[in-house]
Amino acid sequence: MLCGIRTTALVAACLVCLGIPTLAEAQTAQSGPDWQIREGRNELALYERFAMTVRHSGKIRRVLYDDEVITVNTIEGDPQAFQIYAAKACVTTITVIDEFDKSYELEVLVRGDVRHLESFIRRLYPDDSIGVEEISDSSVRLQGWVTRPEHVSEIQAIAEQFYPDVLNHMQAGGVQQIMLKCTVLEVQRSKLRRLGMNFTMVRPDGYLGSTPGPIVPLTGVSAAGGGFTLGQNALRDSTVTWGLTRPTSNFQGFVQAMIEEGIFKTHATPMIVTHNGRPANFLSGGELPIPVAGGLGTTGVQYREFGIQLNTVPYVLGNGRIRLEVETRVSDQDLSNIVTINGTTTTAFRTNSANTQVEMNFGEALVIAGLVSRRSFGNGQKLPFFGELPWIGAAFSRKQFTESETELIIMVTPELVAPMSTGEMPAVLPGSSSDTPVDRELFFHGLMEVPSFGDACDCPAHRPGAARCSDPNCPRCREGSACANAARNRPSGEAAEATARRESGVERGEELIQPQRRSGTKAIPASSARPSSRKPSAPQNGVGGSTDADRESGAGLISPTMR
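Overview of the structure. None of these values were measured; they are calculated from a predicted model.

Topic: the pattern of salt bridges
Across all of its chains, the model carries 18 salt bridges by this definition. Notably, a salt bridge pairs Arg194 with Glu260, separated by 3.8 Å at the nearest N-O pair. Of the two residues, Arg194 is situated in strand 12 (residues 177–203) and Glu260 in strand 17 (residues 250–268); the sequence distance between them amounts to 66 residues. Owing to a relative accessible area of 17%, Arg194 belongs among the buried residues under this scheme. Among the ionic pairs, Asp205 bridges to Arg203, the shortest N-O distance being 3.5 Å. The exposure class of Arg203 is partly exposed, given its relative accessible area of 41%.

So, unusual backbone geometry
Backbone geometry places Asp101, a non-glycine residue, at a positive phi of 60 degrees. Structurally, the position occupied by Asp101 is in the loop between strand 7 (90–98) and strand 8 (103–111). For Phe385, which is not a glycine, the phi torsion comes out positive at approximately 70 degrees. Mapped onto the fold, Phe385 is located in the loop between strand 23 (366–382) and strand 24 (397–416).

What to know about the packing of aromatic side chains
For the coordinates displayed, the defined rule picks out seven aromatic pairs. Ring centres of Tyr47 and Phe50 lie 6.1 Å apart, and the angle between their planes is 65 degrees; on these two criteria the pair is classed as edge-to-face. Taking the centre distance of 5.4 Å and the plane angle of 35 degrees together, the rings of Phe386 and Phe396 count as tilted. Within this pair, whereas Phe386 is found in the loop between strand 23 and strand 24, its partner Phe396 is found in the loop between strand 23 and strand 24, the two being separated by 10 residues in sequence. Classification of Phe386 by relative accessible area gives partly exposed; the value is 43%. Note on Phe396: relative accessible area 17%, which makes it buried. The side chain of Arg304 reaches across the aromatic face of Phe349, ending 4.2 Å from its centre. For the cation-ring pair, Arg350 lies above Phe264, with the distance from its terminal atom to the ring centre recorded as 4.9 Å.

Describing the sheet that holds strand 2 (residues 42–47)
Strand pairing in a sheet relies on backbone hydrogen bonds. The paired strands run either parallel or antiparallel. As summarised here, the arrangement of the four strands in space is 2-8-7-4, forming an open sheet in which the pairing is mixed. For this open sheet the edge positions go to strand 2 and strand 4 (60–64), each flanked by a neighbour on one side alone. Direction aside, the axes of adjacent strands within the sheet are offset by 25 degrees on average. Sheet topology places strand 7 next to strand 8; eight bridges connect them, and they run antiparallel. Directly across from Thr95, in strand 8, lies its bridge partner Glu105.

Considerations on the side chain of Thr406
Its location among the elements puts Thr406 in strand 24. What makes Thr406 buried here is its relative accessible area of 14%. Setting aside its immediate chain neighbours within four residues, Thr406 contacts Glu186, Val187, Gln188, Leu371, Val372 and Ser373.

Concerning the environment of Thr183
You can see Thr183 is positioned in strand 12. Non-local contacts of Thr183, meaning those with residues more than four positions away in its chain, are made with His267, Ala268, Thr269, Ile409, Ile410 and Met411.

Conventions and cut-offs
- Residues numbered from 1 in each chain as written.
- Predicted model: local features only at pLDDT ≥ 70, side-chain atom pairs only at ≥ 80, totals over all residues.
- Heavy atoms only, no water.
- Salt bridge = Lys/Arg side-chain N within 4 Å of Asp/Glu carboxyl O.
- Helix = DSSP H or I, 4+ residues; strand = E, 2+ residues; numbered from the N terminus.
- Buried < 20%, exposed > 50% of the residue type's maximum accessible area, 1.4 Å probe, protein only.
- Phe/Tyr/Trp six-rings, centres within 6.5 Å; stacked < 30°, edge-to-face > 60°.
- Lys NZ or Arg CZ within 6 Å of the ring centre and 35° of its normal.
- Pairing = 2+ DSSP bridges.
- Axes fitted to C-alpha atoms, helices over the stretch in contact; angles between N-to-C directions.
- Contact = heavy atoms within 4.5 Å.

Below is the structure:
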């Protein structure tokens, strides 16, 4: 406040010494540069409580203005200039009439005094280019570019200390599109060891059985008149069954000895591209209907998503760093855990998920979650005393031991991306290098997919119902234009249908693959001999069209028995 009073007194003293009257008591700033009136549209902008000198090429006779917005003062000894002082923020028009009664209009924009806020922003963020403009006494507009995205919220918070309403039009420079790659790797291993023995001895006067477990229920075996009967259900759980029979006795043994090993692997890498600060969602899977209880004893259906899910919100921090809010989930049906409710069967879900926030550099990989789990479970059944005997106790006991381990990691890799031009597109896209097999390839060779050699030919000579061109090197056919030779020899009716079948069916494929079979190849898919839009190479060794190397280049799609 003291500094402002001294400045005002100094300016007033200088004006008095020079013989120029003061503009207004409220003026607190020095006059700005002169403004020259020109032909056409004139626009002038100055801050509130600022003054500026306006000049004209001729003598000024009259000035019309709005005294509520600006104040106009003449300059003594200079009839070609006057001085304006901005009283309040607004827009007004000044009309200047010269000595020749010619009028000029000058549009004046008086902006609010935001120098205090501008000074704060300029000192705290010297590398940012931010413009401040007052919209009204209670609102301000911020526009420009910041070097780091987090500066946007910080500058807005500072501006809110001066104005309650802040219009944020600031932008962050650089690439703002991020591709997030999330990799989920899981391995589950399990091992089950089981050993047990049941036996029964049947005689006409009695029987003896040992069934710890049991492996075989007693209802599965029976004796009738000294004979022995073994039911079908007695063999369902036993691994080895053996017995000794005599005319008056039977001995039957059931052994359950098994080692079960299992492995389960999951490798999922969902990728998604989003903009800075915008949430993105990715789901590859589906929705499973689950029965739920409804009103009045009815049963409704609720759908639950399963599969590979990725939800993320990236924030670019600048200097190559990024803040990620990421949630990933990999879920699948657990068919080993089935529940039946009111006659409706549904399965449980096996789920791996992580939800966190991290900061890292672009191009780096960070493991955001992991798991190493090992579990062991064992149980046993045995007869007292007999089951505890060494070696012999195996016949009176049943033991089972299960081991399982799980390893899981979830890692993320963010990268800055930008669109590529059409010339940078890969030549081969997923599924474009293979074709649908014909009947002979599907049913006799067992091929579900065959190599694709070029695009389908649209030459009129190769269309269904067209005649074969007599010239194999006809340039018009190769260029896809109408062939005069084929047009003159075009058949009609039944001949056209036979030609179409020969051109598009198996006959054409058989004819085209004959040279390849003579050269030593066992079999070539007929679909690979379809006409190609590419120009055929020069004939070599009596074989025209594509060479053996061209056909073998797609052998990766042929089954091993065909190679």
